[in-house]
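# Descriptive analysis of the structure
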Amino acid sequence: MKQVLVLHYSQSGQLTEIVNNIVTDFKNDDAVELHYHNIELEQNFPFPWTKKDFFGVFPDTFLQHAKAVKPIPEAILNNTYDLIIFGYQVWYLTPSLPISSFLQSESAKTLFSGSKVVTVSGTRNMWIMAHEKVKKHLKSLNASLVGNIALVDRHINHISVITIVRWMFSGKKKKYLGLFPKPGVSQRDIDNAVKFGPVIKQHLFQNSFNDLQENLLKNDAVKIKPFLITVDRKANVIFTKWANFIHKSSEPNTKKRETLLKFFNVYLFIAIWVVSPIVFILFLLTYVFNIPKIKKQKEYYTSVELLENTK
Ligand SMILES: Cc1cc2nc3c(=O)[nH]c(=O)nc-3n(C[C@H](O)[C@H](O)[C@H](O)COP(=O)(O)O)c2cc1C
């Protein structure tokens, strides 16, 4: 009997639906025993978000300052798994705070050491550098990343910014003004996630995950837009400065912190609506010269490899 653990965190339930669909095929198989655990922080974040909390969570999230995670039941901790399906979302180009907190916990050491892991993310579209951070955590936990499925909002970047903000602040995954498309991962992609189950199961029963990622990629598990790699990498450099500055020069829940976060909010607005379109034009103008580099980047970021110094 194969033991599979489905471990994830989700605020809206989007990621819960995705991971549940992925393991549909496992549920119907008597040779697989499924175990589930929802990661939670002792102090959870409210959903829908208030503007204050949404920006307030930035420094700790980006700097991966671990918070207390609710204890994981002994029955889950004491079992040994043939595979862990690990669902996470991205907050501020980083694994969400509940996820990064869990990855730094003692329970993660117990569960992940020596385990094979398939990561599943449900994000807006900017997940690549966050995934590098997850890869690093998994490596230091002595786990092997054997597959990755990254589902995103496929609409144009700026449309998805408008719709996700609306969703996060209203809690409703609906068409904004009846005009904009639905936010987040499309229902079609969520429903189609069932297709990944048989692919993973085949490798599980072969006791070999060697070419699992290749087979997941044949099923569109990851689609990369090269421009988003550029933005994600550049934004990580700038976010590092902002997060350190805000963290070092103010205490949480103070007037000063609130003011600095307002500045960060303004910076984000300008970066998204003014800087990013200019960078996009430059990206297009220099595209032909960068084709070999882009090809290499796409190959690497769709893989489960980890290079410590990715350029
Ligand atoms: C505070 C916050 C920051 C976010 N930052 C990003 C981001 O940097 N990149 C991205 O692709 N999605 C981002 N998202 C969207 C999430 O990755 C995710 O798709 C959404 O919150 C739904 O996840 P759920 O399953 O937890 O409801 C962010 C969401 C929140 C709440």
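Structural data are supplied above this passage.
Below you will find a few notes about this structure. The numbers attached to residues start from 1 for each chain and follow its sequence in the written order. In keeping with the predicted nature of the model, local features appear solely for residues at pLDDT of at least 70, side-chain atom pairs appear and are counted solely at 80 or more, and the whole-chain, interface and lining totals rest on all residues. Processing note: side-chain calculations cover all non-hydrogen atoms of the structure and skip hydrogens and water entirely.

All right, on to the site of the ligand then. Proximity is defined per residue: if any heavy atom of the residue lies within 4 Å of a molecule or strand, that residue is considered near it. Close to the ligand lie 20 residues, the nearest being Ser-10, Gln-11, Ser-12, Val-90 and Met-126. Interatomic distance of 3.0 Å between a backbone N/O atom of Asn-125 and an oxygen atom of the ligand. About the coverage of the ligand: the protein hides 95% of its 630 Å² of free accessible area. Computed over the protein atoms alone on a 1 Å grid, cavities are sets of points where a 1.4 Å probe fits but cannot get out and pockets are open sets with protein on both sides within 12 Å along at least five of seven lines; a residue lines them when it has an atom within 4 Å of a point. Cavity and pocket membership follows a simple rule, namely that a molecule belongs there if more than half of its atoms are within 2 Å of the grid points. The site holding the ligand turns out to be the largest pocket. We count a stretch as a helix when DSSP gives it H or I for four or more residues in a row; a strand needs E for two or more, and each element gets its number in order from the N terminus. Of all the secondary structure elements, the ones that give two or more residues to the shell around the ligand are α1 (14-22), β4 (90-91), β6 (116-123) and α9 (157-170). Residue composition of the shell around the ligand, by class: eleven nonpolar, eight polar and one charged. Pairs of N or O atoms are called polar contacts if they sit within 3.5 Å, as long as, within protein, a hydrogen donor faces a hydrogen acceptor (for residues adjacent in sequence, only side-chain-to-side-chain pairs). Each accessible area is a Shrake-Rupley estimate made with a 1.4 Å probe; only the visible protein chains count as cover when residues are assessed. Gly counts as polar in this scheme, as do all residues outside two lists: the nonpolar Ala, Val, Leu, Ile, Met, Phe, Trp, Tyr, Cys and Pro, and the charged Asp, Glu, Lys and Arg.

Looking now at the packing of α9 against helix α14 (residues 255-285). Axes here mean lines fitted to C-alpha atoms, for a helix over just the part in contact, with angles spanning 0 to 180 degrees between N-to-C directions. Orientation of α9 relative to α14, taken along the N-to-C sense of each, is 170°, at an axis distance of 11 Å. On the basis of their axis angle, the class for α9 and α14 is roughly antiparallel. Seen from α9, the contacting residues are His-158, Val-161 and Ile-162; seen from α14, they are Ile-272, Trp-273, Ser-276 and Pro-277. A class-by-class count of the residues in the contact of α9 with α14 yields five nonpolar, two polar and no charged. Here the word oblique covers every angle except those under 35 degrees (roughly parallel), over 145 (roughly antiparallel) and from 65 to 115 (roughly perpendicular). In what follows, a contact means two residues having at least one pair of non-hydrogen atoms within 4.5 Å.

A few words on empty space enclosed by the protein. Grid points are joined across faces, edges and corners, and a volume is the space filled by probe spheres set on the points. Going through the model one piece at a time under the given rule, you end up with one cavity of 30 Å³ or more. Looking at the largest cavity, its volume works out to about 60 Å³. What lines the largest cavity is Ala-150, Leu-151, Val-152, Arg-154, Asp-189, Asp-220, Ala-221 and Lys-223. Its residues assigned to classes, the lining of the largest cavity shows four nonpolar, no polar and four charged.

A few words on the environment of Phe-180. For Phe-180, the position within the fold is in the loop between α9 and α10 (187-192). When the C-alpha positions of Phe-180 and Lys-262 are compared, they lie 27 Å apart, and in sequence the two are 82 residues distant.

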